[in-house]
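# Descriptive structure summary
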Amino acid sequence: MARFVLPALLCTLAALSAALLAAELKSKSCSEVRRLYVSKGFDKNDAPTHEINGDHLKICPQGYTCCSQEMEEKYNLQSKDDFKSVVGEQCNHLQAVFASRYKKFDEFFKELLENAEKSLNDMFVKTYGHLYMQNSELFKDLFEELKRYYVAGNVNLEEMLNDFWARLLERMFRLVNSQYHFTDDYLECVSKYTEQLKPFGDVPRKLKLQVTRAFVAARTFAQGLAVARDVVSKVSMVNPTAQCTHALLKMIYCPHCQGLVTVKPCYNYCSNIMRGCLANQGDLDFEWNNFIDAMLMVAERLEGPFNIESVMDPIDVKISDAIMNMQENSVQVSQKVFQGCGPPKPLPAGRISRSISESAFNARFRPFHPEERPTTAAGTSLDRLVTDVKEKLKQAKKFWSSLPSNVCNDERMAAGNGNEDDCWNGKGKSRYLFAVTGNGLANQGNNPEVQVDTSKPDILILRQIMALRVMTSKMKNAYNGNDVDFFDISDESSGEGSGSGCAYQQCPSEFEYNATDHSGKSVNDKASSAGVPAGARPYFLTVFCILSLVMQGEWR
């Protein structure tokens with residue numbers, strides 16, 4: 001009998017040892033979970049020292065667990081913060097790129113204008129002396145208006161430049177005919193002959209075309225960089241939904257509850273959750289890519305015929321050439337004006353001699369040589385700036401459709417693609433079997449991980465889509481050399497005065513704009529097929545924007 005008792009006793013002891021060992025192993029597993037939990041700043045009293053029954057868990061798998069109810073609740077909030085942090089890192093990098101490039105362009109354009117004004121002032125003082133000093137406010141006003149256009153945009157460049165040449169003609173006409181007295185009405189008559197007589201040669205026409213195109217392109221491009229910066233900034237602050245947060249908790253921290261603290265989520269599992277959580281952001285991709293393409297097209301213009309640096313750098317030479325042309329043709333111009341406006345009234349003899357002495361026109365005006373001009377020092381060149389930003393724009397294309405993958409590529413968020421069997425699939429350590437859904441809100445109806453209401457797009461995202469669409473339209477006008485109205489969402493140009501073609505280089509007559517809707521049909525084709533006149537499309541855009549705001553309450 002004794003020989004049977006001893007083996008039984010040994011078996012009992014072995015069983016007890018195994019149970020104690022298992023309990024000890026469970027305790028160690030929860031100890032590691034507890035340590036990680038406390039490392040995030042949470043109360044250690046929330047975390048059990050050994051596995052407990054998990055019936056209290058609402059999101060994580062139930063059964064024996066290392067997570068208390070308080071832990072699950074706090075992990076739920078932590079998973080939301082972790083998601084926003086990782087997405088924020090991706091967006092903040094892109095935002096910083098656009099912010100820094102906008103700052104560089106803005107500083108460059110402003111300094112270019114300052115240098116051009118200083119160069120003209122210095123050289124005109126040297127060349128024309130007292131005559132220039134007496135009329136310097138005319139040139140100062142020109143640069144003030146150019147600066148005002150770049151900063152605010154509320155300047156009609158064509159009218160402003162026409163006014164400059166008209167005022168310059170009045171001053172010049174008085175100087176070359178200083179023996180006569182001219183009333184304001186007479187000078188107004190003189191200005192009517194500007195187009196017919198071309199007293200300044202072809203300089204005003206060419207300069208107007210060059211300045212308008214260059215300034216419109218430069219300002220629109222800078223504004224585009226600012227819009228991109230702001231869109232990324234606003235979209236990065238979109239909060240995840242409750243359903244998204246629950247899915248994030250299940251992906252990031254539920255494995256901790258099972259003691260799998262070193263097991264990372266499966267890559268495809270992460271991809272489905274990110275595409276569900278970033279569904280609205282994915283809808284930005286279509287308009288974002290159109291916007292990037294438009295920016296790249298305008299960048300090509302800045303490198304070529306619309307290069308503001310090549311326009312502003314020699315502007316003093318061009319204006320001086322116009323002045324010299326007026327001087328050389330002053331006799332013929334005056335005779336034709338006298339014929340059209342009538343003979344002017346001569347000044348008294350004493351005043352004639354004094355007037356001629358004061359103006360000293362022929363003695364003071366002389367040719368203006370380009371080699372006398374000082375070199376501008378803007379610290380960089382437009383070509384270098386554009387080359388740099390073009391590379392950044394190309395890298396930013398498809399950013400929103402790539403965002404879910406980029407987040408999951410972060411080693412903090414998921415296991416690599418090659419580790420498909422030893423990863424967390426939402427239930428345990430095993431292969432993830434579901435297929436990855438597509439990007440965008442419409443594709444989330446069958447997302448196996450995140451419940452997404454596909455009928456309620458995010459209003460903030462819709463506003464950013466509209467902002468990109470409007471800015472793309474502005475780019476279209478700038479590419480074609482047309483003026484841009486930044487105070488209205490319509491894409492109507494300011495008129496023929498801004499130009500409509502390339503005077504000195506061959507270029508396409510129309511903007512290569514390939515905006516299509518999700519069905520693949522051209523936006524312009526859809527408008528035409530619907531019988532909408534081209535001129536009416538901007539007003540439909542306005543109506544659409546207003547309707548979007550009115551429907552805000554319903555979407556919420």
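Residues numbered from 1 in each chain as written. Predicted model: local features only at pLDDT ≥ 70, side-chain atom pairs only at ≥ 80, totals over all residues. Heavy atoms only, no water.

For the record, the criterion: UniProt positions are given in the numbering used here, feature names are shortened, and annotations may be inferred rather than shown by experiment.
The protein is annotated in an unreviewed UniProt entry as Glypican-4 of Physeter macrocephalus. Here the protein is described in UniProt, under the heading Function (unreviewed entry), as follows: "Cell surface proteoglycan."

## Digging into the state of the cysteines
As a reminder, the rule being used: Disulfide assignment relies on a single distance test, namely cysteine sulfur atoms paired within 2.5 Å. Counting from the N terminus, the helices are the DSSP runs of H or I reaching at least four residues and the strands are the DSSP runs of E reaching at least two. Buried residues are those whose accessible area, probed at 1.4 Å on protein chains only, stays under 20% of the maximum for their type, while exposed residues exceed 50% and partly exposed ones sit between those limits.
Scanning the entire structure with this criterion turns up seven disulfides. The residue that forms a disulfide with Cys 266 is Cys 423, at a sulfur-sulfur distance of 2.0 Å. Because the sign of the S-S torsion sets the handedness, a value of about 90° for the bond joining Cys 266 and Cys 423 places this disulfide among the right-handed ones. Remark: Cys 423 occurs in the loop between helix H20 (399-408) and helix H21 (459-479) and Cys 266 occurs in the loop between helix H10 (254-257) and helix H11 (267-277); sequence separation between them is 157 residues. For the pair shown, Cys 266 and Cys 423 are each scored as buried.

## Focus: empty space enclosed by the protein
For clarity, the threshold we go by: A pocket here means an open set of points on a 1 Å grid, computed over the protein atoms alone, that has protein on both sides within 12 Å along at least five of seven lines. A cavity is instead a set of points where a 1.4 Å probe fits but cannot get out; residues with an atom within 4 Å of a point line either one. Grid points are joined across faces, edges and corners, and a volume is the space filled by probe spheres set on the points. Residue type decides the class: Asp, Glu, Lys and Arg count as charged, Ala, Val, Leu, Ile, Met, Phe, Trp, Tyr, Cys and Pro as nonpolar, and the leftover types, Gly among them, as polar.
All chains considered together, the criterion is met by two cavities of 30 Å³ or more. Taken as a whole, the second largest cavity encloses approximately 30 Å³ of empty space. Among the elements that make up the lining of the second largest cavity, the one with the highest residue count is helix H2 (residues 69-128) (three residues). In terms of residue class, the lining of the second largest cavity is built from four nonpolar, two polar and one charged.

## Quick notes on the packing of aromatic side chains
Spelled out, the test is: In summary, the pairing rule links any two rings of Phe, Tyr or Trp, Trp by its six-membered ring, whose centres are within 6.5 Å, and it sorts them by plane angle into stacked for under 30 degrees, edge-to-face for over 60 and tilted for everything else. Only when the NZ atom of a Lys or the CZ atom of an Arg is both within 6 Å of the ring centre and within 35 degrees of the ring normal do we say a charge sits over the ring.
Applying the stated criterion across every chain yields a total of 26 aromatic pairs. Arranged with centres 5.1 Å apart and planes meeting at 55°, the rings of Phe 105 and Phe 221 form a pair that is tilted. Taken together, the residues Phe 105 in helix H2 and Phe 221 in helix H8 (residues 203-235) connect sequence positions 116 residues apart. Relative to Tyr 132, the ring of Phe 124 has its centre 5.6 Å away and its plane inclined at 80°; by these criteria the two rings are edge-to-face. Judged by relative accessible area, Phe 124 falls into the buried class, the value being 0%. Here the aromatic residues Phe 124, Tyr 128, Tyr 132, Phe 139, Phe 164, Trp 165 and Phe 200 are joined through ring pairs into a cluster of three or more. Sitting above the plane of the Tyr 149 ring, Arg 219 keeps its charged end 6.0 Å from the centroid.

## Some points on the packing of H8 against helix H15 (residues 315-328)
Rule in force here: Only the stretch in contact is used when fitting a helix axis, every axis being a line fitted to C-alpha atoms; angles between N-to-C directions are given from 0 to 180 degrees. Our angle categories are set so that under 35 degrees counts as roughly parallel, over 145 as roughly antiparallel, 65 to 115 as roughly perpendicular, and the remainder as oblique. Handedness of a crossing is defined here by the sense of rotation of the near helix relative to the far one, left-handed for an anticlockwise turn of less than a right angle and right-handed for a clockwise turn. Note on definitions: a residue-residue contact is assigned when non-hydrogen atoms from the two residues lie within 4.5 Å.
Where H8 contacts H15, the axes come no closer than 10 Å and their chain directions differ by 155°. Considered as vectors, H8 and H15 are oriented roughly antiparallel to each other. Between H8 and H15 the crossing geometry is left-handed. Facing H8, whose interface residues are Val 203, Leu 207 and Gln 210, H15 presents Ile 315, Lys 318, Ile 319 and Ala 322. When its residues are assigned to classes, the contact of H8 with H15 shows five nonpolar, one polar and one charged.

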